[in-house]
Amino acid sequence: MEKRLEKGQQITDLYPAGMPEPEKKEGKASDKPYKAELMSKNFPDLSKHSNWMAKCIHEDMYNRICAKKTKMGVGLEICIQTGVDNPGHPYIFTVGAVAGDEECYETFAELFDPIIEKRHNGYTKEMKHKTDLDSSKLNGGDDLDPAFVLSSRVRTGRSIRGFRLPPSCNRAERRQVETIVSSALASLDGMFSGKYYPLNNMTEDEQEHLINDHFLFDKPVSPLLLSSGMARDWPDGRGIYHNDAKNFLVWINEEDHTRVISMEKGGNMKAVFERFCDGLKKTEDALKKQKQAFMWNEHLGYILTCPSNLGTGIRAGVHVKLVQLCTDERFNEILKCLRLQKRGTGGVDTASTDGIFDISNLDRIGFSEVELVQQVVDGVKLLVDMEKRLMDSKPIDDILPKAMRPPSPEKPAEEEKPAEGTTSPVADGDAGIDLDAEGTKEGEDKAPEEAAAAGEAETKGDGAADGEAEKPADDGEKKEEEKKEEAKDEHHHHHHDADAPAES
């Protein structure tokens, strides 16, 4: 029987005497209708979820796209599992979805497009992203006061085209990405010359020095990263490269194929950004010699695992001492107007305990790298000026962002009555919308402030991304703000990295 079956032949004539014939399947339901019925009942229960995936997907959409696969075999379930497993919190919106490969953003565009639009402050599928890594266009940045700005950093991620992303890649792909990138980095010279340290093959001394320098990244413990499949086969295929001066780092196969970081102590953001741009270009040139390229398209910019990092993927940040300003009740509003975000220096989802904050850009897509770093430079200079005034017990009202400045005493604000026969702008619905200092329309939807659990999570009540109008804060809303802060505290998780992961 075994020999016949190996040849694909039937064996019924060899059955022992008296053995009944196998039942014929005629008239019975085939597997196909059963599978189709099972798939239609596979929609996850998202009734108590607070993330952008859960907010955007619905059962009809799910049924339309759940059977689709990318050319590399990635399905919808891999993309949404982290959002299914991690409901989030009403005040802390995570993305709730990741991409398994570059094509996911097209194959599952029906889901990803609205997620991106809501997460990125109205960035629609028709819009085109702009990339600009010419560091010479940055104005200033070498004059941030080192008495207040303790360190400066710029980081981004890059993905290698032709390979699946960390949520779905296999061991062979991960190892090949490691080989390709580490070989490219080994060819760097001058100020970028350095050494690669694979996580699964380093000495105790090497591990100790990476820990002391705060360069070593750990195996993920965040539920969002674990549900995304980021920790599979750890630490196989992962590693850290840094130059001899220890101010240019590349992480391989952490949350993205690569994460590139330029940093140094003090307030010279200009030097940090120049090194960042030069290092990225040299790395990309070295990859091109191997006939490799970064994932990029004109709509989404650089393609990364988490939709929160699409576009530039850039986070330009400083550790800055704002002991006086952080006690001002307007602090959070000032940051929102400057399109900046804050967190403690301990990493994602940590609070400051000593008046020192990690301040960085809030936006990622729709602005160029130069524009985002410029926002940080200009914003941090203003924050430091405010801090100095408050230290001298002087008011800061006249240097607040334009949208926050009180009316001039000489010209008290008066309501203008529309002329006869004209319509009041307020009645028109677009009323009173003017550009603030950062070019954001006051009254328009603003992207929520990030926090992040596998990434930088967001605060739902920040506004309009949830379709809610912003209202003047009253006592009830102040209590709501307190609840948000408490909610953030509940979601803290520890991370030893030199930089923080993106939200998932």
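An account of the accompanying structure is given in this report. (Residues numbered from 1 in each chain as written. Predicted model: local features only at pLDDT ≥ 70, side-chain atom pairs only at ≥ 80, totals over all residues. Heavy atoms only, no water.)

### Some remarks on the overall build of the protein
Then step 1. Within the protein, the secondary structure is distributed over 14 helices and ten strands.
Then step 2. Restricting to contacts in the protein with at least 6 residues of sequence separation, those with at least 24 account for 74%.
Then step 3. For the protein, the exposed surface amounts to about 24800 Å²; the carbon and sulfur share of it is 49%. (Helix = DSSP H or I, 4+ residues; strand = E, 2+ residues; numbered from the N terminus. Contact = heavy atoms within 4.5 Å. Areas by Shrake-Rupley, 256 points an atom, 1.4 Å probe, with all protein chains shown as cover.)

### Some details on the environment of Gln374
Then step 1. Among the secondary structure elements, Gln374 is positioned in helix H13 (residues 369-391).
Then step 2. Gln374 sits in the buried class, given a relative accessible area of 13%.
Then step 3. Here the alpha-carbon distance between Gln374 and Asn139, two residues 235 residues apart in the chain, equals 7.0 Å.
Then step 4. The contacts of Gln374, once residues within four sequence positions are left out, are Lys137, Leu138 and Asn139. (Buried < 20%, exposed > 50% of the residue type's maximum accessible area, 1.4 Å probe, protein only.)

### Topic: the sheet that holds strand E8 (residues 315-321)
Then step 1. Spatial strand order, E2-E3-E4-E5-E1-E8-E10-E9: eight strands in an open sheet with antiparallel pairing. The sheet terminates laterally at strand E2 (194-198) and strand E9 (340-344), the two strands that pair on one side only. This sheet shows a mean twist of 20° between the axes of neighbouring strands, independent of strand direction.
Then step 2. As paired elements, strand E1 (residues 149-158) and strand E5 (residues 258-265) share eight bridges and run antiparallel to each other. Each residue of the ladder has a partner; that of Ser152, found in E5, is Glu264.
Then step 3. Lying over the sheet, helix H11 (residues 269-288) contacts E1, strand E4 (248-252), E5 and E8, oriented at roughly 20° with respect to E1. (Pairing = 2+ DSSP bridges. Axes fitted to C-alpha atoms, helices over the stretch in contact; angles between N-to-C directions.)

### Some remarks on the pattern of salt bridges
Then step 1. With the rule as written, the count across this model stands at 24 salt bridges.
Then step 2. Lys130 is the partner of Glu371 in a salt bridge, and the nearest nitrogen-oxygen pair spans 3.1 Å. Of this pair, Glu371 sits in helix H13 while Lys130 sits in the loop between helix H7 (109-119) and E1, and the two are 241 residues apart along the sequence.
Then step 3. For Glu371, a relative accessible area of 31% corresponds to the partly exposed category.
Then step 4. The network of salt bridges with shared partners includes Arg171, Arg174 and Asp233. (Salt bridge = Lys/Arg side-chain N within 4 Å of Asp/Glu carboxyl O.)

### A few points about H13
Then step 1. Helix length check: H13, at 23 residues, gives a terminal C-alpha distance of 33 Å against a target of 33 Å (1.5 Å per residue), a fit within 8%.
Then step 2. Immediately downstream of H13, the backbone of Ser393 shows phi near 60°, a positive value. (Expected span 1.5 Å × (residues − 1).)

### Concerning the environment of Arg330
Then step 1. Mapping Arg330 onto the fold places it in the loop between E8 and helix H12 (331-337).
Then step 2. When its relative accessible area of 25% is taken as the criterion, Arg330 is described as partly exposed.
Then step 3. Dropping the residues within four chain positions of it, Arg330 is found in contact with Ile396, Asp397, Leu400 and Met404.

### A look at the nonpolar core
Then step 1. With 59 residues, the main nonpolar core has Met269, Phe273, Leu325, Ile359 and Leu383 as its most contacted residues.
Then step 2. Mapped by element, the contributors of at least two residues to this core are E1, helix H8 (171-186), E4, H11, E8, H12, strand E10 (356-361) and H13.
Then step 3. Ranked by the residues each element gives to this core, the list is headed by H13, at eleven residues.
Then step 4. Once you skip the residues sitting within four places of it in the chain, Leu383 turns out to touch Leu322, Leu325, Ile334, Leu335, Leu338, Leu340 and Ile359.
Then step 5. Core analysis: the second largest hydrophobic core is formed by 33 residues, Cys56, Cys66, Leu76 and Cys306 among them. (Core = buried A, V, L, I, M, F, W, Y, C linked by side-chain atoms within 4.5 Å.)

### Remarks on the packing of aromatic side chains
Then step 1. Scanning all chains against the criterion turns up eight aromatic pairs.
Then step 2. Here the aromatic rings of Phe217 and Trp234 are separated by 5.8 Å at their centres, their planes lie at 80°, and the arrangement is edge-to-face. Here Trp234 lies in the loop between helix H10 (223-227) and strand E3 (239-243) and Phe217 lies in the loop between helix H9 (204-212) and H10, a separation of 17 residues in the sequence.
Then step 3. Cluster of aromatic residues (ring-pair linked, three or more members): Phe217, Trp234 and Trp251. (Phe/Tyr/Trp six-rings, centres within 6.5 Å; stacked < 30°, edge-to-face > 60°.)

### Description of the side chain of Asp132
Then step 1. Among the secondary structure elements, Asp132 is positioned in the loop between H7 and E1.
Then step 2. In this structure the side chain of Asp132 is engaged in a polar contact, spanning 3.0 Å, whose partner is the backbone nitrogen of Asp134.
Then step 3. Not counting the four nearest positions on each side in its chain, Asp132 is found in contact with Lys137, Ser368, Glu369 and Val370. (Polar contact = N/O pair within 3.5 Å; in protein donor to acceptor, adjacent residues only side chain to side chain.)

Taken by themselves, the reported measurements are silent on function.
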